[in-house]
Amino acid sequence: MKPQRSSHQKRRVHLWPVRLCHWVNLLAMIGMVMSGWGIYNADPLFTFTFPQNATLGGWLGGNIAWHLAVMWLLVANALFYLIWGIYSGHFTQNFFPFSPRAVWRDTVRALTFHLPHKLGQYNAVQKLMYSGVLLLGVLLVLSGLSIWKPVQFSLLVWLFGGFDIARYVHFFAMGGVMLFVVIHVLMVLLVPKTFVAMITGGTAMNKEEKVDE
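Fair warning: this is a prediction, and the values are worked out from it, not measured in the lab. (Residues numbered from 1 in each chain as written. Predicted model: local features only at pLDDT ≥ 70, side-chain atom pairs only at ≥ 80, totals over all residues. Heavy atoms only, no water.)

A. Here's a closer look at the overall build of the protein chain. Across its full length, the protein chain carries eight helices and two strands. Mapped from its N terminus to its C terminus, the protein chain presents α and β elements in the order β-α-α-α-α-α-α-α-α-β. By residue count, 32% of the 213 residues in the protein chain fall in the buried class. For the protein chain, long-range pairs separated by at least 24 residues make up 70% of all intrachain contacts whose partners lie at least 6 apart in sequence. (Helix = DSSP H or I, 4+ residues; strand = E, 2+ residues; numbered from the N terminus. Buried < 20%, exposed > 50% of the residue type's maximum accessible area, 1.4 Å probe, protein only. Contact = heavy atoms within 4.5 Å.)

What follows is the structure in structure tokens.
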């Protein structure tokens, strides 16, 4: 048996299902947010409204029609990503594990611009954010169903504490997703090569130990 030797191999950073779901999700979220702003404007929860030219649909009926149409695209995309992520091991390999200590350490590093970034490797802050936005997505779907069909999904409405509370949950969950998007874009601007990798798939070097007999 020969001694172990190390070799460098290239690997794909983002597989095609990740890239496909990422860009479909981007388009779907733009449609959901713009149509959602139009629905919000018809019955605001707060004292402000969104600019009419930033909404999608032109009027309340159009806003709702667009919101429901894009919703099915978003749900289908999310289901595909969840099924593929569980089956392929994408979630366990990339999103877990992480600990509060690791999140705090990497947060400090990020704020002091000392956080290293390697393509294809998520730090603890990224793991927390990606896991959190998936949970927000589930919350958006459940609260959205409660608002859309409050009679048919009366149990969901009850769990949320009523129709009005469900609307607030939906609004703030979407706000959480938008905050994630803002942070995500800022990180891409700081590390532009991540944008290219999400288009091409990118490559990274793997260092593996091999044994020749």
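B. Geometry of the nonpolar core. Met29, Phe95, Met174 and Val177 are the most contacted members of the largest nonpolar core, which totals 19 residues. Of all the secondary structure elements, the ones that give two or more residues to this core are helix 1 (16–42), helix 2 (60–88), helix 5 (124–148) and helix 7 (163–190). If one sorts the elements of this core by residue count, helix 1 sits on top with five residues. (Core = buried A, V, L, I, M, F, W, Y, C linked by side-chain atoms within 4.5 Å.)

C. The arrangement of the side chain of histidine 90 in detail. By the element assignment, histidine 90 lies in helix 3 (residues 90–94). At 3.1 Å, the side chain of histidine 90 and the side chain of tyrosine 81 are in polar contact. Non-local contacts of histidine 90, meaning those with residues more than four positions away in its chain, are made with Val18, Tyr81, Trp84, Gly85 and Phe95. (Polar contact = N/O pair within 3.5 Å; in protein donor to acceptor, adjacent residues only side chain to side chain.)

D. Looking closely at the UniProt feature "transmembrane region" (unreviewed entry) in the protein chain. Mapped onto this numbering, the UniProt entry annotates "transmembrane region" (unreviewed entry) at residues 20–40, 64–87, 128–148 and 168–191. The annotated region residues 64–87 carries 100% helix and 0% strand content, and the separation between its end C-alpha atoms amounts to 34 Å. With 100% helix and 0% strand, the stretch residues 128–148 has end C-alpha atoms that lie 30 Å from each other. (UniProt positions renumbered as here; feature names shortened; annotations may be inferred.)

E. Local environment of the packing of aromatic side chains. Applying the stated criterion across every chain, the model contains 14 aromatic pairs. Ring centres of phenylalanine 46 and phenylalanine 172 lie 6.0 Å apart, and the angle between their planes is 70°; this geometry places the pair in the edge-to-face category. Of this pair, phenylalanine 46 sits in the loop between helix 1 and helix 2 while phenylalanine 172 is found in helix 7, placing the two residues 126 residues apart along the sequence. A relative accessible area of 30% means that phenylalanine 46 is categorised as partly exposed. The structure contains a cluster of three or more aromatic residues connected by ring pairs, namely Trp37, Tyr40, Phe46, Phe48, Phe50, Tyr168, Phe171 and Phe172. (Phe/Tyr/Trp six-rings, centres within 6.5 Å; stacked < 30°, edge-to-face > 60°.)

F. Layout of the environment of tryptophan 37. Tracing the sequence through the fold places tryptophan 37 in helix 1. Tryptophan 37 sits in the partly exposed class, given a relative accessible area of 27%. Taking the C-alpha atoms as reference, tryptophan 37 lies 5.8 Å from threonine 55; in sequence the two are 18 residues apart. Non-local contacts of tryptophan 37, meaning those with residues more than four positions away in its chain, are made with Phe50, Ala54 and Thr55.

G. Structural detail: the packing of helix 1 against helix 8 (residues 193–200). With their axes 8 Å apart at the nearest point, helix 1 and helix 8 run at an angle of 105° to one another. Overall, the two elements helix 1 and helix 8 adopt an arrangement that is roughly perpendicular. Counting all contacts with helix 1, which are made through Val18, Arg19, His22 and Trp23, the residues of helix 8 involved are Phe195, Ala197, Met198, Ile199 and Thr200. Here the contact of helix 1 with helix 8 is built from residues that sort into six nonpolar, two polar and one charged. (Axes fitted to C-alpha atoms, helices over the stretch in contact; angles between N-to-C directions. Parallel < 35°, antiparallel > 145°, perpendicular 65-115°, else oblique. Nonpolar A, V, L, I, M, F, W, Y, C, P; charged D, E, K, R; others polar.)

H. Representation of a nonpolar patch on the surface within the structure. A cluster of nonpolar residues, Phe46, Phe48, Ile165, Tyr168 and Phe172, forms a patch on the protein surface that exposes about 450 Å² of accessible area. Relative to the helices and strands, tyrosine 168 resides in helix 7. Look at tyrosine 168 and you get partly exposed, because its relative accessible area is 30%. (Patch = residues over 30% accessible without salt bridge, like charges linked within 9 Å, V, L, I, M, F, W, Y side chains within 5 Å. Areas by Shrake-Rupley, 256 points an atom, 1.4 Å probe, with all protein chains shown as cover. Salt bridge = Lys/Arg side-chain N within 4 Å of Asp/Glu carboxyl O.)

I. Representation of helix 8 within the structure. By the burial criterion, the buried members of helix 8 are Thr194, Ala197 and Met198. For helix 8, the arc enclosing every buried residue in end-on projection is 100°, short of the 170-degree limit, so these residues lie on one face. Contacts from the buried residues of helix 8 go to helix 1 and helix 7. Positive backbone phi, at 100°, marks glycine 201, one or two positions downstream of helix 8. (Arc of directions from axis to C-beta.)

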